[in-house]
Amino acid sequence: MSAQPPRPVSLLRGVTLADGHAADVVVEGEVVTQVLPAGSGVAAGAGDVLDLDGYVLLAAPAEPHAHLDKARSFELAAPPLGDLGSAIEAWRAYAETMTVESIAARARAQVLQMLASGTTAIRSHVDVLSGDGTATVEQATRGARALVAVREELGSLVDLELVALAGPHCPDEHVEAVLDLGIDVVGGAPHLADDPLADLDRLLAIAGRRGLPVDLHTDESLDGPVTLDAYALAVRDWPRDRQYSAGHCVRLGTLAPDERDRVVAEVAASDLGVITLPITNLYLQGWDAPVGTPRGLTAIRALLDAGVRVAAGADNVRDPFNPVGRGDALETASLLVTAGHLSPAEAYGLVSDGARSVLGLPPAGPRPGARADLLAVRGESLADAVATASADRVVVHRGSVVARSTLTTTLAAPAGVPAPDPVPVG
Ligand SMILES: O=c1cc[nH]c(=O)[nH]1
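Nothing here was measured: the structure is a model prediction, and the numbers come from that model.

Undergrad: Requested: an account of the packing of aromatic side chains, with residues and values cited.
TA: In this structure the tally under the stated criterion is 3 aromatic pairs. Ring geometry for tryptophan 238 versus tyrosine 244: centroids 5.7 Å apart, planes at 85°, classification edge-to-face.

Undergrad: Requested: an account of the pairing of strand S11 (residues 244-248), with residues and values cited.
TA: The buried fraction of S11 is high, at 5 of 5 residues. Remark: the strand S10 (residues 214-218)/helix H8 (residues 228-234)/S11 crossover connection has right-handed handedness. As paired elements, S11 and strand S12 (residues 273-276) share 3 bridges and run parallel to each other. Counterpart to serine 245 in the pairing with S12 is glycine 273. The β-α-β motif built from S11, the intervening helix H9 (residues 257-270) and the parallel element S12 has right-handed crossover chirality.

Undergrad: Give a description of unusual backbone geometry that names residues and reports values.
TA: A positive phi angle is found at aspartate 315, which is not glycine, with a value near 60°. Positive phi, normally seen in glycine, also occurs at alanine 389, with a value near 45°. Note on placement: alanine 389 falls in the loop between helix H15 (382-388) and strand S15 (393-397). Exposure remark for alanine 389: the relative accessible area of 9% places this residue in the buried category.

Undergrad: Let's hear about the domain arrangement of the chain: which residues, and what values?
TA: Taken domain by domain, the chain comprises domain 1 (7-59 + 365-409) and domain 2 (62-359). Contacts between the two partners involve 20 residues from domain 1 and, on the opposite side, 20 residues from domain 2. Summed over both sides, the interface between domain 1 and domain 2 buries roughly 1,600 Å², with carbon and sulfur atoms accounting for 60% of that surface. The largest per-residue losses of area from domain 1 upon contact with domain 2 belong to Val386, Arg393 and His397, which jointly make up 33% of the total buried on that side. Along the contact surface separating domain 1 from domain 2 lie 5 salt bridges. Here arginine 393 ties to aspartate 328 by a salt bridge, and the two come within 2.9 Å at their closest N and O atoms. Counting the contacts that link domain 1 with domain 2 gives 6 residue pairs in polar contact (both at pLDDT 80 or more). Of all the secondary structure elements, the ones that give two or more residues to the side of domain 1 that touches domain 2 are strand S5 (55-59), strand S14 (374-378), H15, S15 and strand S16 (400-405). Its residues assigned to classes, the side of domain 1 that touches domain 2 comprises 13 nonpolar, 2 polar and 5 charged.

Undergrad: Let's hear about the packing of helix H6 (residues 172-179) against helix H7 (residues 196-210): which residues, and what values?
TA: Put simply, H6 and H7 touch, their axes get as near as 12 Å, and they point 40° apart. For the element pair H6 / H7, the angle class is oblique. Every pair of crossing elements has a handedness; the one defined by H6 and H7 is right-handed. Mapping the contact onto sequence places Asp172, Val175, Glu176 and Leu179 in H6 and Arg202, Ile206, Arg209 and Arg210 in H7. Broken down by class, the residue content of the contact of H6 with H7 amounts to 3 nonpolar, no polar and 5 charged.

Reading the values: rules and limits
- Residues numbered from 1 in each chain as written.
- Predicted model: local features only at pLDDT ≥ 70, side-chain atom pairs only at ≥ 80, totals over all residues.
- Heavy atoms only, no water.
- Phe/Tyr/Trp six-rings, centres within 6.5 Å; stacked < 30°, edge-to-face > 60°.
- Buried < 20%, exposed > 50% of the residue type's maximum accessible area, 1.4 Å probe, protein only.
- Helix = DSSP H or I, 4+ residues; strand = E, 2+ residues; numbered from the N terminus.
- Right-handed = clockwise from strand over helix to strand, strands pointing away.
- Pairing = 2+ DSSP bridges.
- Domains from an automatic or database assignment.
- Contact = heavy atoms within 4.5 Å.
- Buried area = accessible area lost by both parts, 1.4 Å probe.
- Salt bridge = Lys/Arg side-chain N within 4 Å of Asp/Glu carboxyl O.
- Polar contact = N/O pair within 3.5 Å; in protein donor to acceptor, adjacent residues only side chain to side chain.
- Nonpolar A, V, L, I, M, F, W, Y, C, P; charged D, E, K, R; others polar.
- Axes fitted to C-alpha atoms, helices over the stretch in contact; angles between N-to-C directions.
- Parallel < 35°, antiparallel > 145°, perpendicular 65-115°, else oblique.
- Left-handed = near helix turned anticlockwise from the far one by under 90°.

Listed below in structure tokens is the structure:
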């Protein structure tokens with residue numbers, strides 16, 4: 001990462017667009033104003049002109065569901081490999097040892113890695129750290145205080161939105177104390193409660209009182225309760241200037257087609273956004289019978305066919321819930337192609353336009369009138385960028401370059417044979 005301040009850009013020259021055309025893209029302030037045939041663009045302002053021949057220019061990804069308070073804790077927590085229950089147990093034990101500073105340090109490193117890979121907006125859940133319910137308010141708010149500090153520190157580089165993840169054991173007093181810190185969204189995990197519908201009501205009552213958006217971990221199991229339809233019905237008449245979304249929705253992917261379609265229709269009728277999280281749910285679900293078992297993906301195709309707004313995210317990164325991952329949207333997109341049977345363009349749409357829509361962010365990308373949040377990746381086409389995930393990238397946030405990674409490869413060649421051209425390396 002450069003230590004320089006963000007540099008405004010006025011022209012991105014010679015890029016390949018997602019539709020394959022070569023173009024010059026003119027930026028004025030925070031907005032893309034013109035997309036012209038390559039060679040015809042003229043810089044409109046004093047910002048830098050970037051020559052990006054050999055790069056694909058895309059709408060920058062948005063991460064709709066991170067857990068920055070947990071990121072990079074896998075080796076510290078040393079959890080056993082296992083399912084959601086065992087991850088929660090290992091995380092709870094480790095969480096007791098954390099300080100505000102240690103959480104902020106891991107979160108900051110993770111945000112910067114995600115920004116370097118192209119993600120310019122992140123929604124992160126942050127646990128209300130109530131333990132078994134007996135924690136003090138000081139303990140319960142540690143994660144939130146850490147992420148609020150990181151949001152303040154990095155706010156000029158990346159749009160960071162925070163969700164209070166209130167598990168079933170969190171007393172309302174702790175949830176309210178976390179929200180009082182300036183957390184943006186009410187979250188929770190009703191499917192983990194003894195009475196899921198009562199917990200859903202409780203969380204929605206808090207959001208209703210405070211006039212906040214809602215983003216719930218929803219039905220994160222292969223065989224547990226189905227609450228997605230009740231959630232959709234409950235928010236059907238709620239104000240539309242707030243976003244409501246459901247993450248995971250793994251159970252939906254296991255329902256028989258008639259039942260699945262009934263729930264999907266309820267979701268579509270309420271315009272509830274759905275966030276699929278392939279890397280974590282392919283890890284967390286299916287341990288009982290790993291071969292030929294249903295895996296942890298929601299019913300992505302049925303949701304898209306019904307016109308539901310669907311986003312995809314990287315979720316947990318290197319923590320008890322998922323030991324691996326880079327928080328790179330191209331990694332998520334690639335998994336959606338392999339495990340979700342989407343085309344590379346559809347998959348990239350879920351981590352960019354789809355994610356921005358579910359988060360309620362303005363449209364971005366190389367389109368006149370759109371926010372100049374852009375990701376240039378070395379590659380020949382969108383499909384090439386998703387497949388190779390080259391580390392050679394330029395990231396523009398609100399019209400300024402916020403990260404640039406370059407890659408120099410020296411390839412050996414057999415004696416007497418000309419050296420081959422460098423190949424993109426992810
Ligand atoms: O998948 C999950 C579920 C709960 N909490 C997490 O951090 N990840």
